[in-house]
Amino acid sequence: MSLFNKVLASVGIGAAKVDTKLHKSTYTLNENISGVVEIIGGSTNQQIDAIYLTLHTNFIREIDDKKVKDKAVLHKYKLNEPFTIQPNEKHQIPFSFALPPVVPVTTGNSRVWIQTGLDIKNAVDPTDKDFIEIKPTRLANGVLTAIQNMGFRLRKVDNEQAPSYLRRQTPIVQEFEFTPTNNTYRRYLDELEVIFLQQTPNSAEILLQVDRRARGLGGLLSEAFDMDESFIRLTLSEHDNIQAKLEQVIKSKMKIE
């Protein structure tokens, strides 16, 4: 019977199970995710080589000019050293780890989840998947609100593969795409994109991509070769007049009076 149970467990029948219980499901950047991983033994004793938590998000990558949906690992956390769990035994392991600074806000089509896996020798590895909600920090929310108050409308939010010069920092970036709604900017701009590069509790480094409106033949040529796009790297703190600072750098770049 014991040998038969081991054979069944090796193909996932009567094997150990895993369940991750988070202390809460909503977080903001710079918080710690904490909870307990519960392992329940199956019909036979099994060696658990490792328990790992991986933080995932979805994103879009371009392959041969086609957009393909994919998922990225933002963080991987190993919980334990090898141990053996007995039949029907319950074993709990508490955990806590900091959210990485590149975690996207869960808005639009963006999703973030924790996947728990048991690494069991000669057996199917059980897994558990838990979705979490990521809220923007107060400063990030202030930046997005300021842009809307300036006369822009948030059109969409996407997670995309990071450009080559950022891939050492992060596999993905989250782009907030705005369109101008007032005449001050509509005359000059097609859209404004915002990427949060680094965030701390008191500051945020952002990348603004300003897409100028094409004017005349020269403007059309610039648009064709992406020369109509300007990039502004800017650090903001909670003590700044955020809207005034954004207006200053954008108008200066676009030569708007």
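Residues numbered from 1 in each chain as written. Predicted model: local features only at pLDDT ≥ 70, side-chain atom pairs only at ≥ 80, totals over all residues. Heavy atoms only, no water.

Student: An account of the pairing of strand β4 (residues 46-63) is requested, with residue identities and associated values reported.
Tutor: One ladder, built from three bridges, connects β4 with strand β6 (residues 83-85); its direction is antiparallel. Across the sheet, Q46 pairs through a bridge with I85, a residue of β6. Of the pairings in the sheet, the one linking β4 to strand β5 (residues 66-78) comprises 12 bridges and is antiparallel in character. For H56, the partnering residue across the bridge sits in β5 and is V73. Hairpin connection from β4 to β5: two residues lie between these consecutive antiparallel strands, with D64 at a positive phi of about 55°. (Pairing = 2+ DSSP bridges. Helix = DSSP H or I, 4+ residues; strand = E, 2+ residues; numbered from the N terminus.)

Student: Pulling in residues and values, what's your account of the pattern of salt bridges?
Tutor: Counting across every chain of the model gives 10 salt bridges. For R138, the salt bridge identified is with E238, shortest N-O distance 3.3 Å. With R138 in helix α2 (residues 138-151) and E238 in the loop between β14 (229-237) and α5 (242-254), the pair connects residues that are 100 residues apart, well separated along the chain. Among the residues examined, R138 registers a relative accessible area of 72% and is labelled exposed. Judged by relative accessible area, which is 34%, E238 ranks as partly exposed. A salt bridge links K156 to D158; the shortest N-O distance between them is 3.5 Å. Among the charged side chains, a salt-bridge network with shared partners connects R155, E177 and E191. (Salt bridge = Lys/Arg side-chain N within 4 Å of Asp/Glu carboxyl O. Buried < 20%, exposed > 50% of the residue type's maximum accessible area, 1.4 Å probe, protein only.)

Student: If you had to explain the environment of L189 to someone new, which residues and values would you point to?
Tutor: With respect to the element layout, L189 can be found in strand β12 (residues 189-199). Take L189: its relative accessible area is 0%, and that puts it in the buried class. In this structure, the C-alpha to C-alpha distance between L189 and D211, residues 22 residues apart in sequence, is 5.8 Å.

Student: Lay out the side chain of E38 in plain terms, naming residues and giving numbers.
Tutor: Relative to the helices and strands, E38 is located in strand β3 (residues 32-40). Only 3.1 Å separates the side chain of E38 from the side chain of Q92, close enough to count as a polar contact. Sequence-distant contacts of E38, defined by excluding residues within four places in its chain, comprise K17, V18, D19, K21, K90, H91 and Q92. (Polar contact = N/O pair within 3.5 Å; in protein donor to acceptor, adjacent residues only side chain to side chain. Contact = heavy atoms within 4.5 Å.)

Shape is all these values report; function is a separate question.
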